[in-house]
Amino acid sequence: MVWWQACLWGLGGAALVEIRQMWHLWHQTHNWPWVDEQEQTKVAGYAIAVTLRLIMAVGVNAVYVASHQIAGPFAAFTIGVSAPVILQQIMVQAPNEPVSSSPSASPVPPPSPDGRRTAPQDTAQPGDVDVR
């Protein structure tokens, strides 16, 4: 699938989510989502939020299609619908600690003086469970 087609399908999916949300809020409050409790219109803030969510859906679709994870329109549409959840889960899974580049943090042992790598030492104690 061509990247711009996937992005358009994702944009369509995200737009339908926004339309559904607006419909739901209208039936719940009998008022537009951009009107607050004091009957003041907040169209600019609402428009910015919706625009950012649509851009987020297009961006996630662009990344997925660039990595050849989208094969057809339904997948692109579905990713557009679920883009906020996808990004939220990625952020939950991302490590919060900075990555250390010190040699002690490396799982690969440093080379010996003659240039060969030594095998890691087995530090198993009696009663340890081997999970390999």
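Our subject is the structure that appears above.
Attention in this report is confined to the structure presented alongside it. (Residues numbered from 1 in each chain as written. Predicted model: local features only at pLDDT ≥ 70, side-chain atom pairs only at ≥ 80, totals over all residues. Heavy atoms only, no water.)

Below, the discussion takes up helix α2 (residues 43–66). With 24 residues, α2 should cover 34 Å at 1.5 Å per step; its first-to-last C-alpha distance of 34 Å lies within 8% of that length. Burial in α2 covers these residues: Tyr-46, Val-50, Ala-57, Val-60, Asn-61 and Val-65. Where α2 is buried, its residues meet α1 (3–29) and α3 (73–93). (Helix = DSSP H or I, 4+ residues; strand = E, 2+ residues; numbered from the N terminus. Expected span 1.5 Å × (residues − 1). Buried < 20%, exposed > 50% of the residue type's maximum accessible area, 1.4 Å probe, protein only. Contact = heavy atoms within 4.5 Å.)

Moving on, we come to the packing of α1 against α3. The contact between α1 and α3 brings their axes to 7 Å, and the two run at 45°. One element, α1, and the other, α3, form an angle in the oblique class. Crossing handedness for the pair α1 and α3: right-handed. Where α1 abuts α3, its residues Ala-6, Trp-9, Gly-10, Gly-12, Gly-13, Ala-14, Leu-16 and Val-17 lie against Pro-73, Ala-76, Phe-77, Gly-80 and Val-81. The class makeup of the residues in the contact of α1 with α3 is nine nonpolar, four polar and no charged. (Axes fitted to C-alpha atoms, helices over the stretch in contact; angles between N-to-C directions. Parallel < 35°, antiparallel > 145°, perpendicular 65-115°, else oblique. Left-handed = near helix turned anticlockwise from the far one by under 90°. Nonpolar A, V, L, I, M, F, W, Y, C, P; charged D, E, K, R; others polar.)

Evaluated as defined, the whole model comprises one salt bridge. We note a salt bridge from Arg-53 to Glu-18, for which the minimum N-O separation is 2.6 Å. Taken as a pair, Arg-53 in helix α2 and Glu-18 in helix α1 lie far apart in primary sequence, 35 residues in all. (Salt bridge = Lys/Arg side-chain N within 4 Å of Asp/Glu carboxyl O.)

On to the packing of α1 against α2, then. Interaxial distance between α1 and α2 falls to 8 Å at its minimum, and their mutual angle equals 145°. For the pair α1 and α2, the crossing hand works out as right-handed. Residues Trp-3, Ala-6, Cys-7, Gly-10, Leu-11, Ala-14, Ala-15, Glu-18 and Met-22 of α1 pack against Tyr-46, Val-50, Arg-53, Leu-54, Ala-57, Val-58, Asn-61, Ala-62 and Val-65 of α2.

The next subject is the side chain of Glu-18. Judged by its relative accessible area of 10%, Glu-18 is buried. Residues contacting Glu-18, with those up to four places away along its chain left out, are Val-50, Arg-53 and Leu-54.

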